[in-house]
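Listed below, chain by chain, are the residues.
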Amino acid sequence: MTEAWRPGDDDERSRRGARGSVKVRVPAKVNLRLAVGPLRPDGYHEISTVYHAIGLYDELTARRADTLTLTMDGEGTGELALDDSNLVLRAARALATHARVPAHARLHLRKAIPLAGGLAGGSADAAAALVACDELWGIGLSRDELAVLAADLGSDVPFLLHGGTAVGTGRGESVSPVLARPTTWHWVVAVADGGLSTPQVYAELDRLRAAGAAPPPVGPADELLTALRQRDPQVLAGALGNDLQPAALSLRPALTKVLDAGVAAGALAGLVSGSGPTCVFLTPDAGTAQAVAQALEAADVCRAVHLANGAVVGARLV
Ligand code: C5P
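What you are looking at is a predicted structure, and each value in this text was computed from that prediction instead of being measured.

Criteria and thresholds
Residues numbered from 1 in each chain as written. Predicted model: local features only at pLDDT ≥ 70, side-chain atom pairs only at ≥ 80, totals over all residues. Heavy atoms only, no water. Phe/Tyr/Trp six-rings, centres within 6.5 Å; stacked < 30°, edge-to-face > 60°. Helix = DSSP H or I, 4+ residues; strand = E, 2+ residues; numbered from the N terminus. Buried < 20%, exposed > 50% of the residue type's maximum accessible area, 1.4 Å probe, protein only. Near = heavy atom within 4 Å. Polar contact = N/O pair within 3.5 Å; in protein donor to acceptor, adjacent residues only side chain to side chain. Nonpolar A, V, L, I, M, F, W, Y, C, P; charged D, E, K, R; others polar. Salt bridge = Lys/Arg side-chain N within 4 Å of Asp/Glu carboxyl O.

Engineer: What's the story with the packing of aromatic side chains in this structure? I'm lost.
Structural biologist: How two aromatic rings sit relative to each other is given by the distance of their centres and the angle of their planes. In the structure shown here, the tally under the stated rule is one aromatic pair. Note on Tyr51 and Phe159: the rings are 4.6 Å apart at their centroids and 10° apart in plane angle, and the pair reads as stacked. Here the residue Tyr51 occupies a position in strand 2 (residues 45-63), and Phe159 occupies one in helix 5 (residues 157-162), the gap between them amounting to 108 residues. Taken as a pair, Tyr51 and Phe159 share a single burial class, namely buried.

Engineer: Would you take a moment to explain the site of the ligand for this structure?
Structural biologist: Looking at the ligand, the residues that line it are Gly43, Tyr44, His45, Ile47, Gly154, Ser155, Arg171, Thr198, Pro199 and Tyr202. In this structure, Ser155 approaches the ligand through a side-chain N or O atom, which is 2.5 Å from an oxygen atom. Taken together, the elements giving at least two residues each to the shell around the ligand come down to strand 2 and helix 6 (198-210). It is helix 6 that contributes the most residues to the shell around the ligand, three residues altogether. Class assignment of the residues belonging to the shell around the ligand gives a composition of four nonpolar, five polar and one charged.

Engineer: Could you clarify how one ought to interpret the pattern of salt bridges in this entry?
Structural biologist: Pairing between side chains becomes possible if they bear opposite charge and their charged atoms approach one another. Under the criterion given, the structure shown has twelve salt bridges. In this structure, the salt-bridge partner of Glu223 is Arg33, at a minimum N-O distance of 3.8 Å. A residue pair is termed long-range when its members are at least 10 positions apart, and Glu223 in helix 7 (residues 222-230) and Arg33 in strand 1 (residues 21-39) qualify at 190 residues. Within this structure, Arg40, Asp42 and Glu46 form a network of salt bridges that share partners.

These figures capture arrangement, not role.
Written out as structure tokens, the structure reads:
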């Protein structure tokens, strides 16, 4: 059990490694496979997914201070609320309450992951805040202990503490790593103009299903897990699937053009990431990824294009 904080504890914490300033890097995620089940009484859908962390990163710096503040630059500056509704501040407060320390830190977020893009950027930032504040305050919780706090903050937050490739069940918060020999997968990420609301995309899927207008569900992840073990991008491309994709396309029909453009340019497959509207493309190698990225830029079908390899580790001190 964690003891209550007392003023003299700061000395002890600095002996245990509390620092004046720490920086954490955290990746975006894509869902290689996302099977959505029925709506649960708590408002979430039961899901079975294969998460995959890709090398598109946000960075969170935490410094000692005598209040809790958050500033930012990069993606979404001026759009993202920096008040107590922000997941970074909620994460810092949740950790402080758990460890019974004052929630004092000057936090700065440098964002490259687009807002409301289906890449779990907000969840990534919450994971980064847990890791950064744990270190800044010298608390020393394990990843598994942080994951308990993470699950309360959002369904994707526990995965972003771990990274790599992992199966997510429940509402996504229950995570177990996929054991496969490390392989580098080459992705191209097409960022759309404007975001999509995750609850709205789930609701649209429910609507399509009720109307009998949704395609058959993608089914369990076994085929995808087998494909990962084969380490062949062509095989993996054939196993990708996302039940939320038809719902995202229904809300944003122009995404079809993005998916078509990437595949026409040489991608093995294109996929809406999570609830979208970001589209990701699996390519056979780095050279093809570069060519697909250039073709997507030239086709003028998206706001920005990134190259990103997977799988990468989750939120880590740098
Ligand atoms: O967990 P998180 O806060 O990221 O979820 C945002 C919203 O997405 C939920 O309020 C819910 O509407 C929807 N959601 C869902 N089923 C999930 C995960 C999210 O319906 N498994």
